[in-house]
Amino acid sequence: MPITRCRACGSPGLRPFLSLGETPLADALVTGEALGREERRYPLEVAFCESCTLVQQLHDVPPQELFVDNYLYFSSFSNHVLAHSRAHALDLIERRRLGPRSLVVEIASNDGYLLRNFVEAGIPALGIDPAPGQADAAEAAGVPTVREFFGDELARRLVADGRCANVIIANNVLAHVPDLDGFVAGLRTLLAPGGLITVENPYVRDLVEHCEFDTIYHEHHCYFSCTAIDRLVRRHGLFLNDVEYFSDLHGGTLRWHIGDRPDPTDTVWRYLDDEARTLANFAYYQEFASEVETVRSELLTLLRQLRAEGRRVAAYGAAAKGSTLVNYAGIGPDLVEYVVDRNVHKVGKYMPGVHIPIRPVEALLEDPPDYVLLLAWNFKDEIVRQQDEYLRRGGRFIVPIPRPQVLELAGALV
Ligand code: DWN
């Protein structure tokens, strides 16, 4: 379904700047019995909105296909994400003086990775997530979960049911929402007067400046800046009041603090002023496509050279971003023999499109490759620390972006 108008402001002034071809859905891992079947591919192309600066996909895939039919992403497979989320919850409990009469709602609550911290503290929490496997896991962790996509209609039902939220958390979901206006209107409806909304999302600046093109996949309809968020929420009587930055999360993440009255910190003005001179202009994106092509070319050269030398290469992280990378670069089992992943729901399946088999992490020691390509490069430190034995035995890691590089780690991180 091609998009001709901006998803946020409705302007027709969309300017394409990168196409990654037609690719399979990044999280649509392939089972053994489905290997022979044709996989649906969709155009992967992004554009800049001249009117509100939002970077966005030019084609839509039905959300049902993306997040309900066998969605395999579980947030709790990263210790770093769990620690980051716990710190956020404890900070909110203290700053917002939350207690037994409060209500915290998380949209896209996944497996309860974050809300479990509020439940443990005796603070009423409600998750919203349509993915059945994740909702089952959340409820097993004591997190009640509404199994629906969020929007204004659901928000109105919750409020009619007496459930106004003192805090609404929406991490790594806004980018996944085709109907931005309906979603943000829902935030406004659900928020109790004087309440706080915190929204986390990878920062489009890091995507461009660290060439994180592999974070472009069909689940991610939009790629946000503070400018785009500010303009989006203002249309719904909400205001961007603070910004936090986390360089070590998903390749660079912003946490936006949003409220029902304007009270911006200096940090907000600093971001908006800086963006006005940089990423709020189309020129900022014009070199990106050639950068991406260079990364593809250098990575293929490196992998082909290692194969020519008789070296074995595997990969770590059957990540959605990994799917974009291997499909855009045409990296198959001839160059990368297998991918390992801790997520048991992914093991035994194959990467979409290129059909690289996914094996348990233990394969790195049982069937050791000479090199491991970090498809989940955003967890480099966590993974390298975890794989110190593989390193000790002489194994080596390759990071694909911002430029392909063999990590010199002997003793460095372990
Ligand atoms: O927006 C999204 C981002 C935040 O996360 C989601 N729509 C989808 C997902 O994207 P992704 O799949 O690229 O995310 P990750 O979290 O970078 O994927 C990491 C993969 O690596 C997961 O399959 C889990 C796995 N993993 C592992 O095997 N061992 C992760 C860690 C930290 C590990 O130690």
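Look a little higher up for the structure.
Note that this is a predicted model, so its numbers are computed, not measured. (Residues numbered from 1 in each chain as written. Predicted model: local features only at pLDDT ≥ 70, side-chain atom pairs only at ≥ 80, totals over all residues. Heavy atoms only, no water.)

Draft legend 1. Region of the structure containing the packing of aromatic side chains. Scanning the model with the defined rule gives 11 aromatic pairs in all. Ring centres 5.1 Å apart and planes at 35° place the aromatic pair Phe-48 and Tyr-285 in the tilted group. Of the two residues, Phe-48 sits in strand E2 (residues 41–49) while Tyr-285 sits in the loop between helix H9 (266–277) and helix H10 (288–308), which places them 237 residues apart along the sequence. Neither residue differs from the other here; Phe-48 and Tyr-285 are each classed as buried. (Phe/Tyr/Trp six-rings, centres within 6.5 Å; stacked < 30°, edge-to-face > 60°. Helix = DSSP H or I, 4+ residues; strand = E, 2+ residues; numbered from the N terminus. Buried < 20%, exposed > 50% of the residue type's maximum accessible area, 1.4 Å probe, protein only.)

Draft legend 2. Looking closely at the pairing of strand E5 (residues 125–128). Here E5 shows a buried face lined by Ala-125 and Gly-127 and a second buried face lined by Leu-126 and Ile-128. The pairing of strand E4 (residues 104–107) with E5 spans 4 bridges and is classified as parallel. In the strand pairing of E5, Glu-106 is matched with Gly-127. Two elements, E5 and strand E6 (residues 145–146), share 2 bridges in a ladder whose sense is parallel. Among the inter-strand pairings, Gly-127 is bridged to a residue of E6, identified as Thr-145. Note that the unit made of E5, helix H4 (residues 132–140) and E6 has a crossover that is right-handed. (Pairing = 2+ DSSP bridges. Right-handed = clockwise from strand over helix to strand, strands pointing away.)

Draft legend 3. Just the site of the ligand, in detail. Within the structure, the ligand sits among 25 residues, and Glu-219, Lys-321, Asp-341, Arg-342 and Gln-386 are positioned closest to it. At a separation of 3.0 Å, an oxygen atom of the ligand approaches a polar side-chain atom of Tyr-217. The separation between an oxygen atom of the ligand and a polar side-chain atom of Gln-386 is 2.7 Å. Contributing elements (two or more residues each) for the shell around the ligand: helix H11 (320–329) and helix H13 (380–386). Per-element accounting of the shell around the ligand gives the leading share, 3 residues, to H13. Classifying every residue of the shell around the ligand by side-chain character gives 11 nonpolar, 8 polar and 6 charged. Both domain 1 (75–285) and domain 2 (288–412) contribute no fewer than three residues apiece to the shell around the ligand. (Near = heavy atom within 4 Å. Polar contact = N/O pair within 3.5 Å; in protein donor to acceptor, adjacent residues only side chain to side chain. Nonpolar A, V, L, I, M, F, W, Y, C, P; charged D, E, K, R; others polar. Domains from an automatic or database assignment.)

Draft legend 4. Structural context of unusual backbone geometry. Between Ile-401 and Pro-402 the backbone carries a cis peptide bond, its omega angle lying at 5°. Note that Pro-402 resides in the loop between strand E16 (396–399) and strand E17 (405–406). In this structure, Asn-172 takes a positive phi of about 50° despite not being glycine. Relative to the elements of secondary structure, Asn-172 occurs in the loop between strand E7 (165–171) and helix H6 (180–190). Taking relative accessible area as the criterion, Asn-172 reaches 28% and is therefore assigned partly exposed. Of note, Cys-211 is a non-glycine position whose phi angle comes to about 50°, a positive value. Looking at the secondary structure, you find Cys-211 in the loop between helix H7 (204–209) and strand E9 (222–223). Since its relative accessible area comes to 3%, Cys-211 is described here as buried.

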